[in-house]
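Working through the structure, step by step
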Amino acid sequence: MPIISIKQLNKTYASGHQALHNIDLEIQSGEIFALLGPNGAGKTTLISIICGIVTPTSGEVLASGHNIVSEYRAARSKIGLVPQELTTDAFETTWSTVNFSRGLFGKPKNHASVEKILKQLSLWDKKDAKLRTLSGGMKRRVMIAKALSHEPEILFLDEPSAGVDVELRRDMWEMVRDLRENGVTIILTTHYIEEAEQIADRVGVISGGKIVVVEEKTALMQKLGKKELRLQLQTGMTEIPDNLSDYDLKLEADGTELIYSFDTKQEHTGIAELLRKLDKQGIDFKDLRSSQSSLEEIFVKLVREQ
Amino acid sequence: MSINSVAAIYKFELARAWRTIGQTIAAPVVSTCLYFIVFGSAIGSRMGEIGGVSYAAFIIPGLVMMSLLTQSISNASFGIFFPRFTGTIFEILSAPISYFEILLGYVGAAASKSIIVGLIILVTARIFVDYEIQHPFWMITFLFLTATTFSLFGFILGIVANGFDQLQIVPLMIITPLAFLGGTFYSIDMLPPFWQTVTLFNPVVYLVSGFRWSFYGIADVSIVTSLGMISLFLVSCVVVVWRIFATGYRLKD
């Protein structure tokens with residue numbers, strides 16, 4: 001059974017703007033799911049509906065098998081949310097705000113559990129610090145600690161890397177992996193697609209309030225990605241010879257770089273044959289390298305097609 | 001009901017009051033002391049008794065009621081407006097708790113704080129003047145009903161307000177004048193007949209009158225009318241809050 005099941009979800013705001021159109025999505029237990037989309041695509045609206053902050057117009061959402069409207073207590077108790085904005089009570093301490101979150105979600109006091117979370121997030125030495133004195137990265141960690149305080153099964157991270165330095169970001173992704181190891185399902189939105197590429201098991205792309213594609217990350221990259229072979233020529237060319245017109249070739253860098261794009265799904269890439277033909281034509285090259293299109297390129301392509 | 005959740009909100013709000021003790025407790029106590037010194041001791045010593053009660057003692061229920069009203073509104077409105085303003089309201093809305101539990105936490109804390117302030121003022125008043133409480137049960141009932149009702153009203157204000165300035169306008173520009181003109185410092189039968197009639201449209205008259213009756217057994221309007229008016233206002237606030245929660249007005253999109 002999926003841990004999150006969304007069926008025919010629609011959201012139209014009072015202004016008349018339809019933020020979500022018939023969303024169908026299933027997220028499996030224990031996976032890291034990255035939701036990608038440009039600004040205004042509906043990512044935050046979707047997360048906010050699942051978490052109970054925004055009211056859906058129609059459709060059904062089940063979290064851990066519980067309807068988020070009719071069984072909101074059971075559903076919400078399974079969910080932790082780290083919002084995009086660093087919204088904290090400036091005058092509270094780290095310790096009090098995390099304990100408050102735990103109590104708010106109906107859990108009895110458990111100082112040992114809160115201490116463990118703070119230590120995991122390297123916040124223990126800041127437990128008595130007022131939140132206004134913390135850096136942006138530390139505040140982000142506090143938000144994560146608050147979201148984890150009631151031991152959720154599902155954790156939403158809305159743009160968790162925003163405003164976080166490289167080192168902290170790496171730590172955070174390490175923590176995300178650890179949480180997954182402990183059985184927590186992670187759903188994240190990010191603009192750092194490169195990171196989604198590194199960390200996510202599956203990727204969903206949302207654009208204009210519609211789910212464009214949901215696929216296992218590696219399958220998506222294989223299905224929609226292209227590979228390129230770049231040959232640095234000894235002598236520049238002005239045009240591609242006619243007998244090579246069957247290949248998807250183009251010239252760049254004033255004719256000194258020949259680029260061959262090929263489909264990763266094809267059984268034969270045609271590279272060996274191309275190199276033989278180039279040799280026969282007397283076209284020499286001094287270097288070659290191949291590359292695969294990134295998730296970002298795939299993402300941009302998918303969004304543009306919408 | 002999730003007792004832990006309600007307790008978390010309640011304790012959080014009381015902790016905020018403790019942190020800002022100067023603003024929430026000391027300030028109303030100091031200003032009330034000033035009223036006692038000026039109106040009770042200085043001017044009051046030159047005035048006769050009202051209904052057989054010395055003027056200094058006569059104004060005590062009104063002063064307590066005035067603080068109770070303004071404190072209840074300020075505490076409750078700030079309590080819910082601040083998370084709306086900072087954005088931390090997301091956590092309340094995403095928690096596995098009902099609207100009733102949210103209300104219980106915020107309004108309960110606001111009412112508790114204002115009742116504490118009211119009781120401190122009563123204790124402080126004892127330093128300046130002797131007074132009696134003839135009907136302690138009704139005194140506590142009025143205190144509790146008024147604090148709850150006006151905390152609910154403050155909660156509504158905190159939902160509706162667009163800025164901190166709007167939070168201040170109601171207690172300062174509406175409640176305080178109504179309290180001054182609602183018999184805090186005088187009995188309404190001291191007014192000319194026309195103004196006595198006008199004053200009856202002031203809801204605070206009924207609160208002060210009923211509260212004063214619980215102290216000295218004297219009232220401008222009957223105790224039943226006072227209880228009826230406060231109950232009516234309580235029910236009105238409950239209906240408005242219920243509509244806010246039913247529609248998610250200013251809370252949920």
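Quick caveat: nothing in here was measured; it's all calculated off a predicted structure.

Criteria and cut-off values
- Residues numbered from 1 in each chain as written.
- Chains lettered and ligands numbered in written order.
- Predicted model: local features only at pLDDT ≥ 70, side-chain atom pairs only at ≥ 80, totals over all residues.
- Helix = DSSP H or I, 4+ residues; strand = E, 2+ residues; numbered from the N terminus.
- Rg over C-alpha atoms; globule rule 2.2 N^0.38 Å.
- Buried ≥ 20, exposed ≤ 12 C-beta atoms within 10 Å, placed from the backbone.
- Contact = placed C-beta atoms within 7 Å.
- Domains from an automatic or database assignment.
- Pairing = 2+ DSSP bridges.
- Nonpolar A, V, L, I, M, F, W, Y, C, P; charged D, E, K, R; others polar.
- Axes fitted to C-alpha atoms, helices over the stretch in contact; angles between N-to-C directions.
- Right-handed = clockwise from strand over helix to strand, strands pointing away.
- Parallel < 35°, antiparallel > 145°, perpendicular 65-115°, else oblique.
- Left-handed = near helix turned anticlockwise from the far one by under 90°.
- Core = buried A, V, L, I, M, F, W, Y, C linked by C-beta atoms within 7 Å.
- Expected span 1.5 Å × (residues − 1).

1. Examining the overall build of chain A
When helices and strands are counted, chain A shows 10 helices and 14 strands. Its C-alpha radius of gyration of 24 Å places chain A more than 25% over the 19 Å reference for a compact globule of 306 residues. The principal-axis extents of the C-alpha atoms in chain A amount to approximately 80 × 45 × 35 Å. For chain A, the residues scored as buried account for 39% of the 306 residues in total. The contacts of chain A with a sequence gap of at least 6 include a subset with a gap of at least 24, amounting to 70%.

2. Structural notes on the domain arrangement of chain A
The domain architecture assigned to chain A consists of domain 1 (4-221) and domain 2 (227-293). The distance between the C-alpha centroids of domain 1 of chain A and domain 2 of chain A comes to 45 Å.

3. Focus: the sheet that holds strand S5 (residues 66-67) of chain A
Residue and element names in this part refer to chain A. With respect to topology, four strands assemble into an open sheet ordered S2-S1-S4-S5, the strand pairing being antiparallel. Each of the sheet's edge strands pairs with one partner strand only, and the pair in question is strand S2 (18-27) and S5. Taken together, the six bridges between strand S1 (residues 4-12) and S2 define a ladder with antiparallel strand orientation. When the bridges of S2 are listed, Ile4 appears paired with Ile27.

4. Here's the deal with the interface of chain B and chain A
At the interface, 20 residues of chain B touch 25 residues of chain A. Looking at the side of chain B that touches chain A, the elements with two or more residues in it are helix H1 (3-19) and helix H4 (89-94) of chain B. Of the residues forming the side of chain B that touches chain A, the biggest block, seven residues, is contributed by H1 of chain B. Looking at the side of chain B that touches chain A, its residues break down into eight nonpolar, eight polar and four charged.

5. Concerning the sheet that holds strand S14 (residues 285-292) of chain A
All names here are of chain A. Spatially, S12-S13-S11-S14 is the arrangement adopted by the four strands of the open sheet, whose pairing is antiparallel. For this open sheet the edge positions go to strand S12 (249-252) and S14, each flanked by a neighbour on one side alone. Each strand of the sheet is rotated relative to its neighbour by a mean of 20 degrees, with strand direction disregarded.

6. A short note on the pairing of strand S7 (residues 154-158) of chain A
All names here are of chain A. Within S7, five of the five residues are buried, which leaves the element mostly enclosed by the surrounding structure. Two strands pair when backbone bridges link them, and strand S6 (residues 79-82) and S7 are joined in this way by four bridges, in the parallel orientation. Within S7, the position partnered with Val82 by the bridge is Leu157. One ladder, built from five bridges, connects S7 with strand S8 (residues 185-189); its direction is parallel. Each residue of the ladder has a partner; that of Leu157, found in S8, is Leu188. Handedness of the S7-helix H6 (residues 166-181)-S8 crossover: right-handed.

7. Some details on the environment of Gly183 of chain A
The residue Gly183 of chain A is located in the loop between H6 and S8 in this model. Distance from Gly183 of chain A to Glu153 of chain A, taken between C-alpha atoms, is 7.2 Å for residues 30 residues apart in sequence.

8. A short note on the packing of helix H3 (residues 55-86) of chain B against helix H7 (residues 164-180) of chain B
All names here are of chain B. As a packed pair, H3 and H7 sit with axes 10 Å apart at the nearest point and diverge in direction by 165 degrees. Taken together, H3 and H7 sit at an angle that is classed as roughly antiparallel. Remark: the crossing between H3 and H7 carries right-handed chirality. In contact with Met66, Leu69, Thr70, Ile73, Ser74, Ser77, Phe78 and Phe81 of H3, H7 contributes Leu167, Val170, Pro171, Ile175, Thr176 and Ala179. Considering only residue class, the contact of H3 with H7 consists of 10 nonpolar, four polar and no charged.

9. Digging into the nonpolar core
Counting residues in each nonpolar core, the largest one holds 139 residues, and the members touching the most others are Ile50, Ala145, Phe156 and Ile186 of chain A together with Ile9, Leu69 and Tyr106 of chain B. In terms of residues, this core owes the most to one element, H3 of chain B, which gives 17 residues. Not counting residues within four places of it along the chain, the set of residues in contact with Ile50 of chain A comprises Ile4, Val61, Ala63 and Ile68 of chain A.

10. Examining H3 of chain B
One full turn of an α-helix is made of 3.6 residues, so residues set three or four places apart face in the same direction. Residue and element names in this part refer to chain B. Over its 32 residues, H3 extends 46 Å from the first C-alpha to the last, a length consistent with the 46 Å expected when each residue adds 1.5 Å. The element H3 is extensively covered by neighbouring structure, given that 28 of its 32 residues are classed as buried. Gly87 sits one or two residues past H3 and shows a positive phi near 95 degrees.

11. Focus: the packing of H3 of chain B against helix H5 (residues 99-128) of chain B
All names here are of chain B. Orientation of H3 relative to H5, taken along the N-to-C sense of each, is 155 degrees, at an axis distance of 8 Å. Regarding the angle of H3 to H5, the classification is roughly antiparallel. In the packing of H3 onto H5, the handedness of the crossing is right-handed. Residues that form the contact of H3 with H5 fall into these classes: 17 nonpolar, seven polar and one charged.

12. Quick word on H1 of chain B
Here H1 of chain B contains 17 residues, and its C-alpha end-to-end distance of 24 Å stays within 8% of the 24 Å for a straight helix at 1.5 Å per residue. Taken together, the buried positions of H1 of chain B are Ser5, Val6, Ala8, Ile9, Tyr10, Phe12, Glu13 and Ala17 of chain B. Here the buried face of H1 of chain B lies against helix H3 (94-104) of chain A together with helix H2 (21-43), H3 and H5 of chain B.

13. Quick notes on the pairing of S14 of chain A
Residues and elements named next belong to chain A. Burial of S14 is sparse: only zero of the eight residues sit out of reach of the surface. Across seven bridges, strand S11 (residues 226-233) lies against S14 in antiparallel orientation. Paired with Lys227 across the two strands is Gln292, which belongs to S14.

14. Re the environment of Leu232 of chain B
The topology assignment puts Leu232 of chain B in helix H10 (residues 223-247). When the C-alpha atoms of Leu232 of chain B and Thr149 of chain B are compared, they prove to be 9.7 Å apart, with 83 residues separating the residues in sequence.

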